[in-house]
Amino acid sequence: MTRAVRTRAGARPALAAALVLTLAAGGFAAWTGQGWYAAAHDDSAAYAAERDRALAAGEQAVQNLNTLDHRRIDRGLDLWESSTTGGLHEQLVEGREEFAGQVKAAKTVTSARVLSAAVTELDDRSGRARLLVALRVTVTTPDGKSTDKDSRMLGELTRADGQWKLSGLGQAPVGGTATG
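A quick note: this is a predicted structure, and the numbers were derived from the prediction, not measured.

**Observations regarding the pattern of salt bridges**
Side chains that carry opposite charge are capable of pairing whenever their charged atoms lie near each other.
At step 1: A full pass over the atoms with the stated rule returns twelve salt bridges.
At step 2: In this structure, Glu121 and Arg130 form a salt bridge, with 3.5 Å as the shortest nitrogen-oxygen distance.
At step 3: Judged by relative accessible area, which is 46%, Glu121 ranks as partly exposed.
At step 4: The class of Arg130 is partly exposed, set by a relative accessible area of 37%.
At step 5: Note that Asp124 is salt-bridged to Arg159, the shortest N-O span being 2.8 Å. Taken as a pair, Asp124 in the loop between β2 (109–123) and β3 (128–140) and Arg159 in strand β4 (residues 146–160) lie far apart in primary sequence, 35 residues in all.
At step 6: Classification of Arg159 by relative accessible area gives partly exposed; the value is 27%.
At step 7: Through salt bridges that share partners, Glu50, Arg53, Asp124 and Arg159 make up one connected network.

**Focus on the nonpolar core**
The nonpolar side chains of a soluble globular protein tend to be buried, and buried together.
At step 1: Val133, Leu135, Leu157 and Leu166 are the most contacted members of the largest nonpolar core, which has 26 residues in total.
At step 2: Every element with two or more residues in this core is listed here: α2 (43–65), α3 (73–82), α4 (86–94), α5 (96–106), β2, β3, β4 and β5 (163–171).
At step 3: If we skip the residues at most four places from it in the chain, Val133 touches Val62, Val114, Ser116, Ala117, Ser151, Arg152 and Met153.

**Remarks on the environment of Arg128**
At step 1: Tracing the sequence through the fold places Arg128 in strand β3.
At step 2: Sequence separation between Arg128 and Ala54 is 74 residues, and the spatial gap between their C-alpha atoms is 9.2 Å.
At step 3: Not counting the four nearest positions on each side in its chain, Arg128 is found in contact with Leu122, Asp123, Leu157, Thr158, Trp164 and Ser167.
At step 4: At a separation of 2.8 Å, a polar atom in the side chain of Arg128 contacts the side chain of Thr158.

**Details of the packing of aromatic side chains**
At step 1: Per the stated rule, a full pass over the model turns up two aromatic pairs.
At step 2: Residues Phe28 and Trp31 carry aromatic rings whose centres are separated by 6.0 Å and whose planes lie at 45 degrees to one another, so their mutual orientation is tilted. Here Trp31 and Phe28 lie together in helix α1 (residues 2–40), a separation of three residues that amounts to about one turn.

**Some remarks on the packing of α3 against α5**
At step 1: Between α3 and α5, the shortest axis-to-axis distance is 11 Å and the interhelical angle comes to 135 degrees. Taken together, α3 and α5 sit at an angle that is classed as oblique. When you trace α3 past α5, the crossing you get is right-handed. Contacts between α3 and α5 involve Ile73, Asp74, Leu77, Asp78, Trp80 and Glu81 from the first element and Arg96, Phe99, Ala100, Val103 and Lys104 from the second.
At step 2: Tallied by class, residues from the contact of α3 with α5 come to six nonpolar, no polar and five charged.

**Digging into the sheet that holds β5**
At step 1: If you trace the five strands from one edge of the open sheet to the other, you get β1-β2-β3-β4-β5, paired in antiparallel fashion. A single partner strand is all that each edge strand has here, and the edge strands are β1 (68–69) and β5.
At step 2: Looking at chain direction, β3 and β4 are connected through 13 bridges and run antiparallel. The residue of β4 that forms the bridge with Leu131 is Gly155.
At step 3: Strand contacts of α2: β2, β3, β4 and β5, with the helix running at about 150 degrees to β2, the strand carrying the most contacts.

What counts, and where the lines are drawn
Residues numbered from 1 in each chain as written. Predicted model: local features only at pLDDT ≥ 70, side-chain atom pairs only at ≥ 80, totals over all residues. Heavy atoms only, no water. Salt bridge = Lys/Arg side-chain N within 4 Å of Asp/Glu carboxyl O. Buried < 20%, exposed > 50% of the residue type's maximum accessible area, 1.4 Å probe, protein only. Helix = DSSP H or I, 4+ residues; strand = E, 2+ residues; numbered from the N terminus. Core = buried A, V, L, I, M, F, W, Y, C linked by side-chain atoms within 4.5 Å. Contact = heavy atoms within 4.5 Å. Polar contact = N/O pair within 3.5 Å; in protein donor to acceptor, adjacent residues only side chain to side chain. Phe/Tyr/Trp six-rings, centres within 6.5 Å; stacked < 30°, edge-to-face > 60°. Axes fitted to C-alpha atoms, helices over the stretch in contact; angles between N-to-C directions. Parallel < 35°, antiparallel > 145°, perpendicular 65-115°, else oblique. Left-handed = near helix turned anticlockwise from the far one by under 90°. Nonpolar A, V, L, I, M, F, W, Y, C, P; charged D, E, K, R; others polar. Pairing = 2+ DSSP bridges.

The quantities given are spatial measurements derived from coordinates; they are silent on function.
See below:
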């Protein structure tokens, strides 16, 4: 019996160590799980995701409104209208026929590429955002000559039916220009 008592006594430190390691692992799992849950349900993560959605939609809309091919004018103008809302949308719809005639007569192809963009303001609750976009617009004339122009634009976005759409667009002031 002495040998059996010694074996049980010798097993106790190993059992105690295993119990301590199990409790430590459980505590660590609980701590990291709580951190993961907090990060997944953090308002700043949701805000950042909404900002990214607004940015992507804004970049695409500005690119759409600076791209137009006289050979596919209706398709291009339909894309303009689907990218906009509010007063900007109304202006495009009202001036569509006249503008289409001008582009068909000029026979130009305009394509835009976004170089850089950033959301400068976001009010997620009211569904409004502003962005600044740097883009390169290439205009190709009927004789095949192309001209590139870099510009900066300020856009206003409004969330309509769950999607961010452009509700205002204009040229951004260039450095050295007084604003007041």
